[in-house]
Amino acid sequence: MRFVPVALAAALGIAAVSTVVVAQKPDAQIDPRSTMIVEQARAAQRAGNLEQANDLLESALAVDPKNRAAFTALAEIAKAQGLLGKAIRFYREALELDPNDVAALAGQGDALVQKGAVTKARENLAKLKRLCTGACPEEARLAAVIERGPPQAVLSAQAKVPAPGEEQKTRKPE
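Reading the values: the criteria
- Throughout this description, residue numbers start from 1 for each chain and increase along the sequence as written.
- In keeping with the predicted nature of the model, local features appear solely for residues at pLDDT of at least 70, side-chain atom pairs appear and are counted solely at 80 or more, and the whole-chain, interface and lining totals rest on all residues.
- Based on all heavy atoms of the structure, the side-chain values leave hydrogens and waters out of the count.
- Secondary structure counts use DSSP, requiring at least four H or I residues in a row for a helix and at least two E residues in a row for a strand, with both numbered from the N terminus.
- Residue burial is assigned from relative accessible area. The probe radius is 1.4 Å, only protein chains are included, and a residue is buried under 20% of its type maximum, exposed over 50%, and partly exposed in between.
- Residue contacts follow a heavy-atom distance rule, with two residues in contact if any of their heavy atoms lie within 4.5 Å.
- Where accessible areas are quoted, they stem from the Shrake-Rupley method and a 1.4 Å probe; at the residue level, only the protein chains shown are allowed to cover.
- Expected span, for any helix, means 1.5 Å times one less than how many residues it has.
- This arc corresponds to the set of directions leading from the helix axis out to the C-beta atoms.
- Only buried residues count toward a nonpolar core, which is a set of Ala, Val, Leu, Ile, Met, Phe, Trp, Tyr and Cys residues joined through side-chain atoms within 4.5 Å.

**Student:** Whenever I open this one, the overall build of the chain confuses me. Can you help?
**Tutor:** Each helix and strand in the chain was counted, giving 10 helices and 0 strands. Each helix (α) and strand (β) of the chain, taken in turn from the N terminus, gives the series α-α-α-α-α-α-α-α-α-α. When burial is assessed residue by residue, the chain has 34% of its 174 residues classed as buried. In the chain, the share of contacts with a sequence separation of at least 24, taken over all contacts with a separation of at least 6, comes to 51%. Accessible surface, the chain as shown: approximately 11300 Å² in total, 58% of it carbon and sulfur.

Structural data, given as structure tokens:
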């Protein structure tokens with residue numbers, strides 16, 4: 001009798017996990033309407049209309065929230081607009097859907113380098129090296145970006161950050 005509640009809880013837990021696993025869709029099962037909207041967004045992006053492309057991609061995700069290509073495209077647009085934190089977040093969303101997405105790993109690594117997080121970008125490069133068995137253009141591109149390092153503006157901003165407690169020392173008393 002003492003084990004009945006525990007057994008019921010375990011059974012419910014197993015049922016919930018199996019339901020979640022069954023509910024996930026592979027890329028082949030992405031809603032075709034969502035895929036079509038992503039293609040329209042890519043065309044708008046190529047035409048330079050980033051705002052319209054962004055709106056279309058958000059619509060594509062409303063139709064099918066498991067569309068990894070939409071998250072990757074949103075990340076590319078955010079990166080083009082200089083919104084690196086937002087780009088990193090969208091790449092992370094794509095990687096949550098498929099942790100082995102080499103394009104998302106490389107894109108996130110690039111955004112991380114631009115933001116100055118070279119160590120985390122190297123972690124992405126290590127994952128790419130594990131995933132890519134042959135020639136992998138994403139791996140080569142990310143390695144080149146890491147080699148170049150963060151932009152000069154990021155480096156100079158990092159150099160100007162005062163040490164903790166140093167700010168109070170340099171202030172003039174009022």
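**Student:** What should I look at first to understand helix H8 (residues 137–148) in this one?
**Tutor:** Over its 12 residues, H8 extends 17 Å from the first C-alpha to the last, a length consistent with the 16 Å expected when each residue adds 1.5 Å. Regarding H8, the residues found buried are Glu 138, Glu 139, Leu 142, Val 145 and Ile 146. Projected onto a plane normal to the axis of H8, the buried residues spread over an arc of 130 degrees and lie on a single side. For H8, exposure combined with an orientation more than 90 degrees from the buried face picks out Pro 137, Glu 147 and Arg 148. Against helix H6 (102–115) and helix H7 (118–131) lie the buried residues of H8.

**Student:** How should the environment of Leu 142 be read in this particular structure?
**Tutor:** By the element assignment, Leu 142 lies in helix H8. Put simply, Leu 142 and Asn 124 are 18 residues apart on the chain and 8.6 Å apart in space, counted from C-alpha to C-alpha. For Leu 142, the contacting residues outside a window of four places in its chain are Leu 105, Ala 106, Gly 109, Asp 110, Ala 121, Asn 124, Leu 125 and Leu 128.

**Student:** What is the right way to read the nonpolar core from this model?
**Tutor:** Across soluble globular proteins, nonpolar side chains have a tendency to be buried as a group. Leu 57, Ala 70 and Ile 146 are the most contacted members of the largest nonpolar core, which totals 36 residues. For this core, the secondary-structure elements that each account for two or more residues are helix H2 (32–46), helix H3 (50–63), helix H4 (68–80), helix H5 (84–97), H6, H7 and H8. Residue contacts for Leu 57: discarding those within four places in its chain leaves Val 38, Ala 41, Ala 70, Ala 73, Leu 74 and Ile 77.

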